[in-house]
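An overview of the molecular structure
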Amino acid sequence: MNTIQIEDLADIGRLLGTDSELLEMTSEFSPSVSVPAQRALRVRKGLAVVRGGAILPVLEGQTCTQAFRDVAPAPGGLISAASSVPRARLKNVMLLTGSINTLPFLSYYFPALLFAKHVAGSKVTVHSAQAWPASMASLIEDLLPIFAGGRPAEIAPLEDGTYDVEDCVFPIIRTKDFLPAVCARRIILPFVLSRMEAVPRDTVKIFLRDAERPLANEEQLAAWFVARGYLAVDVSTLSFAEQVVLFARATHIVSSENAALVNLAFAVQARTIVILRSDSAVLNPLLGFFVEDFDATLVFVDGEGPSGLRIPLERLETLDPAVL
């Protein structure tokens, strides 16, 4: 197989030229922020390399992995052996790596779909290298034509290989910290609420069970919080829309640090968020995208135990009753 060697740049500046341009999205969501919230690269003529779960634009033998995927590539393995024989030609499409996990998807890839309006043609196709969160599939399917300006739109996977591209949009995955939360609250939340036939309006306090990695004394903890007016919930039994509505109603949220916390993006009424964690744990930085703008108290309660995290009840008793 003939291969091409690709130089991996530290930034995308050297990719810009007569065959490409930078697209910027600035004030349409946050007028107070003048710096671009997100960028995309429009490639008029070049290549796309699909490899290692990522889609990378290549112009004159150069790319920039850190701009187009959310994790560092394996050393030497992602781009060094790209085929020089294109599988097909792609024109007027968006090329976006994607993610099967909801937290990175909401943090990086959902905001990028706003660039669908920059794709030319009567129909918009978004090609991805990875599957996207199954729970959000119907939501994305409904929203994508709206992002595309009312045109028909679809998401289609791409097989590994090299492709000729013409007038294609490659969103850069790095976003300003405020953008994921803004998209969740101003796009997803009202859209879901408008589609729900009966939406509960009363507020609720919730204790989140963890179906995959339950706390060692989860039942004991659940009973402690239920006695104080909380509802113990396993969100894995709820649809994505039901999760959105539940968190939108929540004024108090208690959870170990698990995947369910991505729903903090929709907790617009939250006053207290209690995170149950090991004493060495650090809050996932991506979760900070969704909680930093809240007027809410964030409380950490450390647990113990090498074989399974256990939260001693006496540590809960030291919490200020005002935050519960």
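Being a predicted model, the structure only gives us computed values, none of them experimental. (Residues numbered from 1 in each chain as written. Predicted model: local features only at pLDDT ≥ 70, side-chain atom pairs only at ≥ 80, totals over all residues. Heavy atoms only, no water.)

So, on to the overall build of the chain. Scanning the chain for helices and strands turns up eight helices and 17 strands. For the chain, the residues scored as buried account for 52% of the 324 residues in total. For the chain, contacts bridging at least 24 residues in sequence account for 75% of all contacts bridging at least 6. For the chain, the computed accessible surface area is about 14600 Å², with 50% contributed by carbon and sulfur atoms. (Helix = DSSP H or I, 4+ residues; strand = E, 2+ residues; numbered from the N terminus. Buried < 20%, exposed > 50% of the residue type's maximum accessible area, 1.4 Å probe, protein only. Contact = heavy atoms within 4.5 Å. Areas by Shrake-Rupley, 256 points an atom, 1.4 Å probe, with all protein chains shown as cover.)

What follows deals with the packing of aromatic side chains. Counting across every chain of the model gives nine aromatic pairs. A centroid spacing of 6.2 Å and a plane angle of 80° characterise the contact between Y108 and Y109, whose relative ring orientation is edge-to-face. Each member of the pair Y108 and Y109 is classed as buried. Taken together, the aromatic side chains of F105, F110, W132 and F147 make up a single cluster linked through ring pairs. A cation over a ring is seen here: R228 above W224, with NZ or CZ 3.6 Å from the ring centre. (Phe/Tyr/Trp six-rings, centres within 6.5 Å; stacked < 30°, edge-to-face > 60°. Lys NZ or Arg CZ within 6 Å of the ring centre and 35° of its normal.)

Take the pattern of salt bridges next. Under the defined criterion, the tally for this structure stands at 17 salt bridges. R42 is paired through a salt bridge with D167; the nearest N and O atoms lie 3.3 Å apart. Of this pair, R42 sits in strand β4 (residues 38–51) while D167 sits in strand β12 (residues 161–175); the two residues are 125 residues apart in sequence, bridging distant segments of the chain. The class for R42 is buried, based on a relative accessible area of 13%. Salt bridges here are not isolated pairs; linked through shared partners, they connect E21, R42, R44 and D167. (Salt bridge = Lys/Arg side-chain N within 4 Å of Asp/Glu carboxyl O.)

So, on to the sheet that holds strand β15 (residues 250–256). The strand order β14-β13-β15-β16-β17 describes an open sheet built from five strands, whose pairing is parallel. Each of the sheet's edge strands pairs with one partner strand only, and the pair in question is β14 (230–233) and β17 (297–302). Going across the sheet, the axis of each strand differs from the next one's by a mean of 20°, ignoring polarity. Relative to β17, strand β16 (residues 272–277) is paired through six bridges, and the arrangement is parallel. By the bridge assignment for β17, I275 is matched with F300. Contacts from helix α6 (residues 240–249) reach β13 (204–208), β14 and β15 within the one sheet, and its direction differs from that of β15 by about 115°. (Pairing = 2+ DSSP bridges. Axes fitted to C-alpha atoms, helices over the stretch in contact; angles between N-to-C directions.)

Regular strands show a simple pattern: their side chains alternate between the two faces of the sheet. Alignment of β13 against β14, held across four bridges, turns out to be parallel. From the neighbouring strand, F207 faces β14, where its bridge partner is A232. With helix α5 (residues 218–226) bridging β13 and its parallel neighbour β14, the resulting β-α-β unit is right-handed. (Right-handed = clockwise from strand over helix to strand, strands pointing away.)

Right, let's talk about the environment of G52 for a bit. Tracing the backbone shows G52 in the loop between β4 and β5 (54–58). G52 sits 77 residues away from A129 along the chain, and the two C-alpha atoms are 8.5 Å apart.

Mean pLDDT over the chain works out to 86, with 90% of the residues at or above the 70 mark. Across residues 72–76 the pLDDT falls below 50, and counting only partners more than four positions away or on other chains, this stretch makes three contacts in the model. (pLDDT = per-residue confidence, 0-100.)

Within the largest apolar cluster, 71 residues are counted, with the highest numbers of intra-cluster contacts made by F110, L113 and F266. Of all the elements, helix α4 (residues 178–195) adds the most residues to this core, at eleven residues. Look past the residues within four positions of L113 in its chain and what remains in contact with it is M94, L96, V126, W132, I140, L144 and F147. F68, L158, V165 and C168 belong to the second-largest nonpolar core, a separate cluster that totals 22 residues. (Core = buried A, V, L, I, M, F, W, Y, C linked by side-chain atoms within 4.5 Å.)

Let us now look at α6. Counting buried positions along α6 yields eight of ten residues, so the element is predominantly enclosed. All of the buried residues in α6 are F240, Q243, V244, V245, L246, F247, A248 and R249.

A word on the environment of I188. Locating I188 in the fold gives a position in helix α4. Sequence separation of I188 and I140 is 48 residues, and the distance between their C-alpha atoms is 9.5 Å. Setting aside its immediate chain neighbours within four residues, I188 contacts L106, F110, M136, L139, C183, F240 and F266.

Residue placement: Q38 occurs in strand β4. A relative accessible area of 1% means that Q38 is categorised as buried. Polar side-chain contacts of Q38 include one of 3.1 Å to the backbone oxygen of I172. For Q38, the contacting residues outside a window of four places in its chain are L23, E24, M25, Y108, P111, A112, F115, I172, I173, R174, T175 and L179. (Polar contact = N/O pair within 3.5 Å; in protein donor to acceptor, adjacent residues only side chain to side chain.)

Unusually for a residue other than glycine, N92 sits at a positive phi of about 55°. Residue position: N92 is located in the loop between β8 (89–91) and β9 (94–96). Here the phi dihedral of D167 falls at roughly 50°; this positive angle occurs in a residue that is not glycine.

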